[in-house]
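Survey of secondary and tertiary structure
The lines below spell out each chain.
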Amino acid sequence: MKIESKLVHSGDRKKAGNYTPVSTPIYTAASYFYDSMDQLDRIFGREEAGPSYQRYDNPTTSALEELVRDLENGAGAVACSSGMSALHLALLSALIDRPRRLVAANALYGATTGMLMNIFTPLGVDVEFVDVCDLAAIEEAVARHKPGAMVMETVSNPLLRVGEMDRIATISKRAGAPLIVDNTFATPLLVRPLDLGASIVVHSATKYMAGHGDVLGGVVIADREHFDPIKTIARTMGPNLGPFESYLAMRGIKTMGLRMERQCANACKVASWLATHPRVERVHFTGDPSHPDHATIVRLFPKNLYGAMVAFELKDAGKPEVFRFMERLKMIVRATSLGDVHTMMLYPAMASHRDLSPKQRHKLGIGDNLVRMSIGIEAPEDILADLEQAF
Ligand SMILES: *Cc1c(COP(=O)(O)O)cnc(C)c1O
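To keep things clear, this report deals only with the structure shown in the data block. Values in this document were obtained by computation on a predicted structure and should not be read as measured data. (Residues numbered from 1 in each chain as written. Predicted model: local features only at pLDDT ≥ 70, side-chain atom pairs only at ≥ 80, totals over all residues. Heavy atoms only, no water.)

1. Observations regarding the pattern of salt bridges
Tallying each qualifying case throughout the model produces 14 salt bridges. In this structure, a network of salt bridges that share partners links the residues Glu164, Asp166, Arg167 and Arg299. (Salt bridge = Lys/Arg side-chain N within 4 Å of Asp/Glu carboxyl O.)

In structure tokens form, the structure reads like this:
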């Protein structure tokens, strides 16, 4: 099945007795029993699939897991209570029986960098950060640091850089260090990291997957070789997504294909409009032919689906001018998060990259005049009109 069809069919319509519900019901039961004790014994022993206790499995959450597993062409998936919880589970399971050393991209989601520095480092994990767009530097860091695992994002935040994931995966395979990819910004509609050689994929389902700004969740999907420890650790630690949230996430995912196509098309229009606007200094967009990683994007992304995030720098502006500009927005939502059906704008210096010093931000290329937009499904004319009146 093609991904557009998997989106609406995978995981759903499991037979229940002598009828089949067209959509997966919300199962709230904490535990389950069977006519035969032998069967329950097999289920507890993981010889047979089926729910027994909610920390192990829940039919609603299992349906979501089957869906995202199919979207990413994985061997199995675990749905977690947040994207950060999913990343934590992925890192923990990758490092549990490997050297406590990580090679990580230097431009990661703020909380991910925070987790590596403030949780994994104090626990004894040695983290080496490297420029995700410098293949030679990655090769050198892996040879010198001998990591137990590697972690990167498909599209970096907020400057939207794209590393050569397939080649990085080759380096990771050679080093025996599973590559963990946060694919939140791209979605499996654009890039499927496991197909490119990565071992583990993570999403904040809060963003494009669920897509409606009404549920927090995350997923971990892995290939055959790396899935078992993820499930085992999840069964012990209980990072599970609850059945209500799983239902909402699954309902959202069904339209992800349509939303993403529209959002990517809108983003192209907004980015090219901004590129010629006199109030704009510079635009960062993955669909731009002058993007520094254009060759990689063309190689790894499908034609005309380049993502729906657009960052731009306002001309001659500092924090006060950016604040006034954002306060004048009437339709575009000034809120943290991304991937929702509505267009959103965020100020990285205040939000996602607040904890960095101005000097550190400057080093990463995040100026006080930079704003980041997540383009929604509205009529593109309305997005442009709102920006124009705010300028
Ligand atoms: C939002 C986000 C996360 C964290 O996800 P939560 O659901 O907020 O925990 C991780 N990675 C990226 C790229 C994100 O955008």
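2. Focus on the environment of Glu261
Summarising the element assignment, Glu261 is placed in helix 11 (residues 256-275). Among all residues touching Glu261, those that are not within four sequence positions of it are Glu4 and Leu305. (Helix = DSSP H or I, 4+ residues; strand = E, 2+ residues; numbered from the N terminus. Contact = heavy atoms within 4.5 Å.)

3. Concerning the state of the cysteines
Formally, a disulfide is one covalent bond, and it connects the sulfur atom of one cysteine to the sulfur atom of another. Taken as a whole and assessed by the stated rule, the structure comprises 0 disulfides. Cys268 takes part in no disulfide bond, and the closest cysteine sulfur to it belongs to Cys264, at a distance of 7.3 Å. Look at Cys268 and you get partly exposed, because its relative accessible area is 30%. (Disulfide = S-S within 2.5 Å. Buried < 20%, exposed > 50% of the residue type's maximum accessible area, 1.4 Å probe, protein only.)

4. Observations regarding the site of the ligand
The environment of the ligand is formed by 13 residues, the closest being Gly83, Asp182, Ser204, Thr206 and Lys207. In this structure, an oxygen atom belonging to the ligand sits 2.9 Å away from a main-chain N or O atom of Met84. Within the side chain of Thr206, one N or O atom sits 2.8 Å away from an oxygen atom of the ligand. Starting from 380 Å² of accessible surface for the ligand in isolation, the protein chains cover 93%. Within the shell around the ligand, the residues separate by chemical class into 5 nonpolar, 6 polar and 2 charged. (Near = heavy atom within 4 Å. Polar contact = N/O pair within 3.5 Å; in protein donor to acceptor, adjacent residues only side chain to side chain. Areas by Shrake-Rupley, 256 points an atom, 1.4 Å probe, with all protein chains shown as cover. Nonpolar A, V, L, I, M, F, W, Y, C, P; charged D, E, K, R; others polar.)

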